[in-house]
Amino acid sequence: EVKYLCPNDEPVFEALSYAWGSTNKTGTVFVLDTTSTFSSAGEIQITENLACALRHLRHAESNHNRVLWVDAICINQADLSERNAQVARMGQIFNLARTTIFRIGPATESSPLALSTLEYLGCQFEYTRDNCHLRSPDAKEPEWWRNSVKLPYNDTTWEALNSLFRRPWFE
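Residues numbered from 1 in each chain as written. Predicted model: local features only at pLDDT ≥ 70, side-chain atom pairs only at ≥ 80, totals over all residues. Heavy atoms only, no water.

**Remarks on the overall build of the chain**
Summing up its helical and strand segments, the chain has six helices and seven strands in all. Mapped in sequence order, the helices and strands of the chain form the string β-β-β-α-β-α-α-α-β-α-β-β-α. Here the chain, with 171 residues, has 25% of them falling under the buried criterion. Taking the intrachain contacts of the chain between residues at least 6 apart in sequence as the baseline, contacts between residues at least 24 apart amount to 53%. Accessible surface, the chain: about 12600 Å² in total, of which carbon and sulfur atoms supply 52%. (Helix = DSSP H or I, 4+ residues; strand = E, 2+ residues; numbered from the N terminus. Buried < 20%, exposed > 50% of the residue type's maximum accessible area, 1.4 Å probe, protein only. Contact = heavy atoms within 4.5 Å. Areas by Shrake-Rupley, 256 points an atom, 1.4 Å probe, with all protein chains shown as cover.)

Here is the structure:
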């Protein structure tokens, strides 16, 4: 159980879930210590995948702050005991986040088809807390919730879905 310093405190950060990718360090993040009156800067080496995600998440307006929790930055990767303790808490950290952002990689030619297919499919049925599935109240395909129903997708759609799910993030 997490206890806040003040009862009315709410998390004001977003968590980032991404695939680390190659561990060859290709970028640098400059970190400011906002708790210090000197605001000293430090440097952290990051992977190319994280650098790409951070560039995409940067707000266009330079005066707009965004608070992100990123494991490679927020966890001291050089301290094995701290890293193990924090990795064990990651589920709790993601649950506390106001929003979780999933960066599954760069778009491909088939990404729009895969994502729109998943969005449509997700509107057809629902899962209950006890792992039952049933028809969504707004389903346009009222029988798709049944395991016996063969989905009417063509080879192109199935390949787009397979391509999406073969990405490293899903591993």
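**Comments concerning the side chain of arginine 167**
Relative to the elements of secondary structure, arginine 167 occurs in the segment after helix 6 (155-165). Despite its burial, arginine 167 pairs with no opposite charge; the closest candidate is glutamate 159, at 11 Å N-O. There is a polar contact of 3.1 Å between the side chain of arginine 167 and the backbone oxygen of proline 106. (Lys, Arg positive; Asp, Glu negative; His and termini not counted. Salt bridge = Lys/Arg side-chain N within 4 Å of Asp/Glu carboxyl O. Polar contact = N/O pair within 3.5 Å; in protein donor to acceptor, adjacent residues only side chain to side chain.)

**Observations regarding the sheet that holds strand 1 (residues 14-18)**
Hydrogen bonding along the main chain pairs the strands of a sheet, whether they run parallel or antiparallel. With respect to topology, three strands assemble into an open sheet ordered 4-1-5, the strand pairing being parallel. Edge positions in the open sheet fall to strand 4 (68-69) and strand 5 (99-103), since each of these has one partner strand only. (Pairing = 2+ DSSP bridges.)

**A short note on the nonpolar core**
The tendency in soluble globular proteins is for nonpolar side chains to be buried as a group. Counting twelve residues, the largest nonpolar core is built from Leu16, Tyr18, Val29, Ile46, Leu50, Ala51, Ala53, Leu54, Leu57, Val70, Ala72 and Ile101. Of all the secondary structure elements, the ones that give two or more residues to this core are strand 1 and helix 1 (48-57). With five residues, helix 1 is the single largest residue contributor to this core. Leave out the neighbours within four places in its chain, and isoleucine 101 touches Glu14, Ala15, Leu16, Ser17, Leu57, Arg66 and Leu68. (Core = buried A, V, L, I, M, F, W, Y, C linked by side-chain atoms within 4.5 Å.)

**Brief notes about the pairing of strand 1**
Side chains on a regular strand alternate between the two faces of the sheet. Of all five residues that make up strand 1, five are buried, and the element is covered over most of its length. Neither face of strand 1 is left uncovered, since the one carrying Glu14, Leu16 and Tyr18 and the one carrying Ala15 and Ser17 both have all their residues buried. Inspection of the sheet shows strand 1 paired to strand 5 by five bridges, in the parallel sense. Each bridged residue has a counterpart across the sheet, and for serine 17 the counterpart in strand 5 is phenylalanine 102.

**A look at helix 1**
Residues spaced three or four apart along an α-helix point in a common direction, a consequence of the helix completing one turn every 3.6 residues. Within the span of helix 1, buried status applies to Leu50, Ala51, Ala53, Leu54 and Leu57. Angular distribution of buried residues about the axis of helix 1 spans 165°; they occupy a single face of the element. In helix 1, the exposed positions that point more than 90 degrees away from the buried face belong to Glu48, Arg55 and His56. (Arc of directions from axis to C-beta.)

**Some words on the confidence of the model for the chain**
On average, residues of the chain score 86 in pLDDT, and 87% of them reach the 70 mark or higher. No element of the chain has a lower mean pLDDT than strand 2 (residues 27-32), at 80, and none a higher one than helix 6, at 97. (pLDDT = per-residue confidence, 0-100.)

**What to know about the pattern of salt bridges**
Here the structure, examined in full by the defined rule, presents three salt bridges. The shortest N-O distance in the salt bridge between glutamate 14 and arginine 66 comes to 2.7 Å. Of this pair, glutamate 14 sits in strand 1 while arginine 66 sits in the loop between helix 1 and strand 4, placing them 52 residues apart in sequence. In this structure arginine 66 comes out as partly exposed when scored by relative accessible area, which is 30%. Between glutamate 159 and arginine 166 there is a salt bridge, with the nearest N and O atoms lying 2.7 Å from each other. Judged by its relative accessible area of 40%, glutamate 159 falls in the partly exposed class.

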